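Close look at the chain arrangement
If you want the building blocks of each chain, they are given just below.
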Amino acid sequence: MDGTSTGNPRITGTTRLFAVIGDPVAQVQAPMMVNPLFVELGADAVLVPVHARPENLRQVITGLQRTENVDGLLITVPHKAAALRFADLVSPAAELSGGTNAIRRAADGGWHADNFDGEGFVRGLLAEGHNPYRKRIALAGAGGAGRAIAVALLLAGAEVAVWDRDLARVNALVSQLAEHWPGRVTGSARPTLAAADMAVNATPMGLDPDDPLPFDPAELPAGAVVADIIMKPRTTPLLRAAGARGLRIQYGAPMLAQQLALYREFFGMDDLARSERSEGRDRFSGRAVTAR
């Protein structure tokens, strides 16, 4: 597929479509990262943002799934948990975290869901020199992204203290994860930061400049790391406040950058570029999945 010098795809009548679905979508960075990759690979494909309010999510997703030239969906806030019900098969990561951020069409017409938030976040930490192994991590948010990140941090050997204003949601998450990692995950309605090696914002707080801080970096010990998964703005009010106190900070972009390689494999972008669409063959490599 030909692209412009700016890395934008050229849309044709044969272009395969991918969508990133959220509410809002003005902040999404995936199109700016995935579309240049399509151009680089020579794939006749494009990723576009789709703004879907929660009350319209079913109509939007099922409509896209019935659109013959749509191959995949990226899911962002606040739809990651709700979107899981539109998948026929789910990966262990999506099942355990209770949400999905990527759904693809398979050759048999079914839709397969996975979740790369957690793995992408941990890879991003490691790429920036922040190893979560045996670290005490305070995690804000027990929603879709928070659940996925909690799972990945536990897999990476961390201890996780998660909090959320919805205490019932926190308790459900802790109960589920404690079955797999007893003694390494706790939950509360308020943050416990005094002994944390790292504090992570996995909530949408910070997307709006008028949002309050998800937690107060002043409660963290010196030398702690503050990470935010929000991509835009790059320097959120939380990271600005943490930096002003001399704490180390982790931007949201490394998480998405690390997910790009995972998306590339999951959606079979290299095969798409080579137009290997043999009948009866699932061109997607995908990971282990569970039937719904």
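Now for a description of the structure that goes with this document. Predicted model only: the values in this text are computed from it and were never measured.

1. Topic: the overall build of the protein chain
- When you go through the protein chain residue by residue, the secondary structure sums to nine helices and 13 strands.
- Against the compact-globule benchmark of 19 Å for 292 residues, the protein chain has a radius of gyration of 19 Å, which places it among compact chains.
- The proportion of buried residues among the 292 residues of the protein chain is 50%.
- Considering only contacts in the protein chain between residues 6 or more positions apart, those separated by 24 or more positions represent 68%.
- With the model as given, the accessible surface of the protein chain reaches about 13100 Å², and the carbon-plus-sulfur share is 51%.

2. Some thoughts on the layout of surface pockets
- Volume-wise, the largest pocket comes out at about 510 Å³.
- Along its surface, the largest pocket is lined by 26 residues, and G141, D164, R169, T203 and P204 are the ones closest to its centre.
- For the lining of the largest pocket, the class distribution of residues is 15 nonpolar, five polar and six charged.

3. Some details on the sheet that holds strand β7 (residues 136–140)
- Read from one edge to the other, the open sheet built from six strands follows the order β9-β8-β7-β10-β11-β12, with strand pairing classed as parallel. The sheet is open, and its two borders are formed by β9 (185–188) and β12 (248–250), each paired with just one other strand. Strand-to-strand twist of the sheet, defined as the mean angle between neighbouring strand axes without regard to direction, takes the value 20°.
- Relative to strand β11 (residues 225–228), strand β10 (residues 198–201) is paired through four bridges, and the arrangement is parallel. Looking at the pairing, V200 lines up with A227 of β11.

4. Comments concerning the nonpolar core
- Counting residues in hydrophobic clusters, the biggest one holds 30 residues, and the most contacted among them are F121, L139, L153 and L177.
- Elements that contribute at least two residues to this core include exactly α4 (117–127), β7, α5 (144–155), β8 (159–163), α6 (167–178), β10 and β11.
- If one sorts the elements of this core by residue count, α5 sits on top with seven residues.
- Beyond its immediate stretch of four places on either side in the chain, L177 contacts L96, A150, V151, L154 and V185.
- Of all hydrophobic cores here, the second largest spans 22 residues; its members include F18, V34, L260 and L262.

5. Observations regarding the pairing of strand β5 (residues 102–105)
- Burial along β5 is two-sided: the face carrying A102 and R104 and the face carrying I103 and R105 are both buried.
- As judged from the four bridges shared by β5 and strand β6 (residues 111–114), these two strands associate in the antiparallel manner. Bridge assignment links R104 to a residue of β6, and that residue is H112.
- Joining the antiparallel neighbours β5 and β6 is a turn of five residues, in which G109 adopts a positive phi near 90°.

6. Brief notes about unusual backbone geometry
- In this chain, V77 is followed by P78 through a cis amide linkage whose omega measures 0°.
- Here P78 shows up in the loop between β3 (70–75) and β4 (89–90).
- In this structure, the amide linkage connecting K232 to the following residue, P233, adopts the cis form with an omega of 10°.
- Tracing the backbone shows P233 in the loop between β11 and α7 (237–244).

7. Some remarks on the packing of aromatic side chains
- As enumerated under the stated definition, the model contains seven aromatic pairs in all.
- Consider the rings of F116 and F266, whose centres lie 5.4 Å apart with planes at 70°: the pair is edge-to-face. Remark: F266 occurs in helix α8 (residues 253–266) and F116 occurs in the loop between β6 and α4; sequence separation between them is 150 residues.
- When its relative accessible area of 4% is taken as the criterion, F266 is described as buried.
- Both rings, one in Y263 and one in F267, keep their centres 6.3 Å apart while their planes meet at 45°; by these two values the pair is tilted. For the pair shown, Y263 and F267 are each scored as buried.
- Among the aromatic residues, those joined into a cluster by ring pairs are F18, F38, F116, Y263, F266 and F267.
- One Lys or Arg, R234, reaches over the ring of Y251 and ends 3.6 Å from the middle of that ring.

What counts as what
Residues numbered from 1 in each chain as written. Predicted model: local features only at pLDDT ≥ 70, side-chain atom pairs only at ≥ 80, totals over all residues. Heavy atoms only, no water. Helix = DSSP H or I, 4+ residues; strand = E, 2+ residues; numbered from the N terminus. Rg over C-alpha atoms; globule rule 2.2 N^0.38 Å. Buried < 20%, exposed > 50% of the residue type's maximum accessible area, 1.4 Å probe, protein only. Contact = heavy atoms within 4.5 Å. Areas by Shrake-Rupley, 256 points an atom, 1.4 Å probe, with all protein chains shown as cover. 1 Å grid on protein atoms, 1.4 Å probe; cavity = no way out; pocket = protein on both sides within 12 Å on 5 of 7 lines; lining within 4 Å. Points joined across faces, edges and corners; volume = space filled by probe spheres on them. Nonpolar A, V, L, I, M, F, W, Y, C, P; charged D, E, K, R; others polar. Pairing = 2+ DSSP bridges. Axes fitted to C-alpha atoms, helices over the stretch in contact; angles between N-to-C directions. Core = buried A, V, L, I, M, F, W, Y, C linked by side-chain atoms within 4.5 Å. Phe/Tyr/Trp six-rings, centres within 6.5 Å; stacked < 30°, edge-to-face > 60°. Lys NZ or Arg CZ within 6 Å of the ring centre and 35° of its normal.

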